[in-house]
Amino acid sequence: MVTKVLMVCLGNICRSPLAEGLLQQKVDPEKIQVASAGTAGYHVGNPPDERSIAVAAKYGLDISQQRSRKLIAKDLERFDYIYAMDRSNYRDILALAETNVQAAKVRLLLETAATSESDVPDPYYGGEDGFEKVYSMVNEACARIAEQLQSN
């Protein structure tokens, strides 16, 4: 059986595409499928932000073929694990949950990381250093998620 994981941020162009690419890189694609979405539909059909593409490429990861899509209610049924990048998106995802089973699938990405922070900051309005910080945070969290998923 294939485990399906969804990474979610606001616009699906900065944080969640990085999380999708990083987790895909760390797991067996035959066993674990990873996708991403945004709670808002601002950028549907667009590639990731060029700064996300650049920071990923700097570390040997190509996310340029991804395209933004909006989270839909069916995603809570289709995916086994749904990771929100921050508390605001976490609440927006939970608002779509129709059952306790669906709500139980939703987690904060950084719950898995060894950090006191709960939110991956949105780097969209900042500089390149914000994308570096996000990459580092998401990479660590995805490493832990990959370990957990592959040990199941």
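Residues numbered from 1 in each chain as written. Predicted model: local features only at pLDDT ≥ 70, side-chain atom pairs only at ≥ 80, totals over all residues. Heavy atoms only, no water.

Student: Describe the packing of aromatic side chains, listing the residues and the values that go with them.
Tutor: Per the counting criterion, the structure on display carries three aromatic pairs. Ring geometry for Y81 against Y83: centres 6.5 Å apart, planes inclined by 15°, an arrangement best described as stacked. Across from the ring centre of Y124, 5.7 Å away, lies the NZ or CZ of R51, which sits over that ring. (Phe/Tyr/Trp six-rings, centres within 6.5 Å; stacked < 30°, edge-to-face > 60°. Lys NZ or Arg CZ within 6 Å of the ring centre and 35° of its normal.)

Student: Outline the nonpolar core, supporting the account with residue identities and numerical values.
Tutor: If you look at the biggest cluster of nonpolar residues, it comprises 32 residues, and the most contacted ones within it are V5, M7, L23, L109 and V138. Only β1 (3–9), α1 (15–26), β2 (32–38), α2 (50–58), β3 (81–84) and α6 (128–151) provide two or more residues apiece to this core. Ranked by the residues each element gives to this core, the list is headed by α6, at 10 residues. Aside from chain neighbours lying at most four places away, what touches V5 is L23, I32, Q33, V34, A35, F79, Y81, Y83 and L149. Judged by nonpolar contacts, the second largest core, of 12 residues, contains L6, L76, I93 and V106. (Core = buried A, V, L, I, M, F, W, Y, C linked by side-chain atoms within 4.5 Å. Buried < 20%, exposed > 50% of the residue type's maximum accessible area, 1.4 Å probe, protein only. Helix = DSSP H or I, 4+ residues; strand = E, 2+ residues; numbered from the N terminus. Contact = heavy atoms within 4.5 Å.)

Student: Break down the packing of α2 against α6 for me, citing the residues and quoting the values.
Tutor: The geometry of a pair of packed helices is captured by two quantities: the angle between their axes and the separation between those axes. Contact pair α2 / α6: the axes reach a minimum separation of 10 Å and the direction vectors enclose 55°. By the angle between their directions, the pair α2 and α6 is classed as oblique. The two elements α2 and α6 cross, and the hand of that crossing is right-handed. Of the residues in α6, those touching α2 at R51, S52, V55, A56 and K58 are E128, F131, E132 and Y135. (Axes fitted to C-alpha atoms, helices over the stretch in contact; angles between N-to-C directions. Parallel < 35°, antiparallel > 145°, perpendicular 65-115°, else oblique. Left-handed = near helix turned anticlockwise from the far one by under 90°.)

Student: Give me unusual backbone geometry: which residues, what numbers.
Tutor: Positive phi is not limited to glycine here, since N12 has a value of about 60°. A relative accessible area of 2% means that N12 is categorised as buried.

Student: Could you give an account of the side chain of N12, with specific residues and numbers?
Tutor: Within the secondary structure, N12 sits in the loop between β1 and α1. A distance of 2.9 Å separates a polar atom in the side chain of N12 from the backbone nitrogen of R69. With sequence-adjacent residues up to four places away left out, N12 is seen in contact with P17, S36, A37, G38, R67, S68 and R69. (Polar contact = N/O pair within 3.5 Å; in protein donor to acceptor, adjacent residues only side chain to side chain.)

Student: Could you give me a rundown of the pattern of salt bridges, with the residues and numbers involved?
Tutor: Enumeration according to the criterion identifies eight salt bridges in this entry. A salt bridge links R15 to D122; the nearest nitrogen and oxygen atoms lie 3.7 Å apart. On the criterion of sequence distance, the pair formed by R15 in helix α1 and D122 in the loop between β4 (106–108) and α6 is long-range, its members being 107 residues apart. Residue class for D122 comes out partly exposed when judged on its relative accessible area of 40%. (Salt bridge = Lys/Arg side-chain N within 4 Å of Asp/Glu carboxyl O.)

Student: Let's hear about the state of the cysteines: which residues, and what values?
Tutor: Scanning the model with the defined rule gives zero disulfides in all. With no disulfide of its own, C14 lies 6.6 Å from the sulfur of C9, the closest cysteine sulfur. Between C142, a cysteine without a disulfide, and C9, which holds the nearest cysteine sulfur, the sulfur-to-sulfur distance is 12 Å. Here C142 falls in the buried class, since its relative accessible area comes to 0%. (Disulfide = S-S within 2.5 Å.)

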